[in-house]
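Take a look at the letters that make up each chain.
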Amino acid sequence: MVGGVRVRESLKRLVHRRIRMGTKNVRLDDDVYERVKAHKREDETFSDAIARLIEDVSLLDLADEGEEYDAKRATEQKEALKRTARADAESTAELDEKGS
């Protein structure tokens with residue numbers, strides 16, 4: 001599957017779930033809440049921010065059953081995980097500065 005097609009299918013499922021399922025209450029640990037809040041844009045709901053933050057890569061994407069190993073795709077996924085780790089580190093540094 002091409003990456004763009006996969007993203008479109010994921011978005012379709014997400015929109016379908018939001019329309020069909022309504023809302024859910026979710027408990028977040030304080031540190032997770034602060035990380036999401038730090039990345040949340042002014043015009044976003046928390047749900048929108050979380051959806052945007054997790055859309056880049058899913059660990060389930062790393063385990064496609066029945067598909068052959070794709071080195072290019074694996075590299076792209078590793079880079080996405082690195083970007084996520086860098087964003088987490090930056091958020092932690094910002095929170096540390098605010099707390100000091």
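Residues numbered from 1 in each chain as written. Predicted model: local features only at pLDDT ≥ 70, side-chain atom pairs only at ≥ 80, totals over all residues. Heavy atoms only, no water.

A closer look at the overall build of the protein
Applicable threshold: Only DSSP runs of H or I covering at least 4 residues are called helices, and only runs of E covering at least 2 are called strands; the numbering of each starts at the N terminus. For every residue, the accessible area (1.4 Å probe, protein chains only) is compared with the maximum for its type, and the residue is labelled buried under 20%, exposed over 50%, or partly exposed between those bounds. Contact criterion: two residues are considered in contact whenever any of their non-hydrogen atoms come within 4.5 Å of each other. The Shrake-Rupley method, run with a 1.4 Å probe, gives the accessible areas here. Residue values count only the displayed protein chains as cover.
Across its full length, the protein holds four helices and zero strands. Beginning at the N terminus, the succession of helices and strands in the protein can be written as α-α-α-α. Within the span of the protein, comprising 100 residues, buried residues form 11% of the whole. Within the protein, contacts between residues at least 6 apart in sequence are counted, and of these 44% link residues at least 24 apart. Counting only carbon and sulfur atoms, one obtains 53% of the accessible surface of the protein, whose full area is about 8,500 Å².

Re the side chain of E44
This is how it is decided: Here a polar contact means two N or O atoms within 3.5 Å. Within protein one must be a hydrogen donor candidate and the other an acceptor candidate, and residues neighboring in sequence count only if both atoms are side-chain atoms.
Relative to the helices and strands, E44 resides in the loop between helix 2 (30-39) and helix 3 (46-54). Relative accessible area serves as the criterion here: at 12%, E44 is assigned to the buried category. Looking at E44, its side chain comes within polar contact range of the main-chain nitrogen of R41, at 2.9 Å. A distance of 2.7 Å separates the side chain of E44 from the side chain of R52, its partner in a polar contact. When near neighbours in sequence (up to four residues on either side) are disregarded, E44 contacts H39, A49 and R52.

Looking at the packing of aromatic side chains
Note the following rule: Aromatic rings from Phe, Tyr and Trp, taking only the six-membered ring of Trp, are treated as a pair when their centres fall within 6.5 Å; an angle between ring planes under 30 degrees marks them as stacked, one over 60 as edge-to-face, and anything in between as tilted.
On inspection of all chains with the given rule, the structure shows one aromatic pair. Ring centres of Y33 and F46 lie 5.1 Å apart, and the angle between their planes is 10 degrees; on these two criteria the pair is classed as stacked. Here Y33, found in helix 2, pairs with F46, found in helix 3; they are 13 residues apart in sequence, far enough to count as distant. For Y33, a relative accessible area of 34% corresponds to the partly exposed category.

With respect to the pattern of salt bridges
Cut-off, in case you're wondering: Salt bridges, as used here, are contacts in which a Lys or Arg side-chain nitrogen is within 4 Å of a carboxyl oxygen on Asp or Glu.
Scanning the model with the defined rule gives four salt bridges in all. Between D88 and R35 there is a salt bridge; the shortest N-O distance is 2.7 Å. Placement of the pair is D88 in helix 4 (residues 71-99) and R35 in helix 2, with a sequence separation of 53 residues. With a shortest N-O distance of 2.7 Å, R52 and E44 are connected by a salt bridge.

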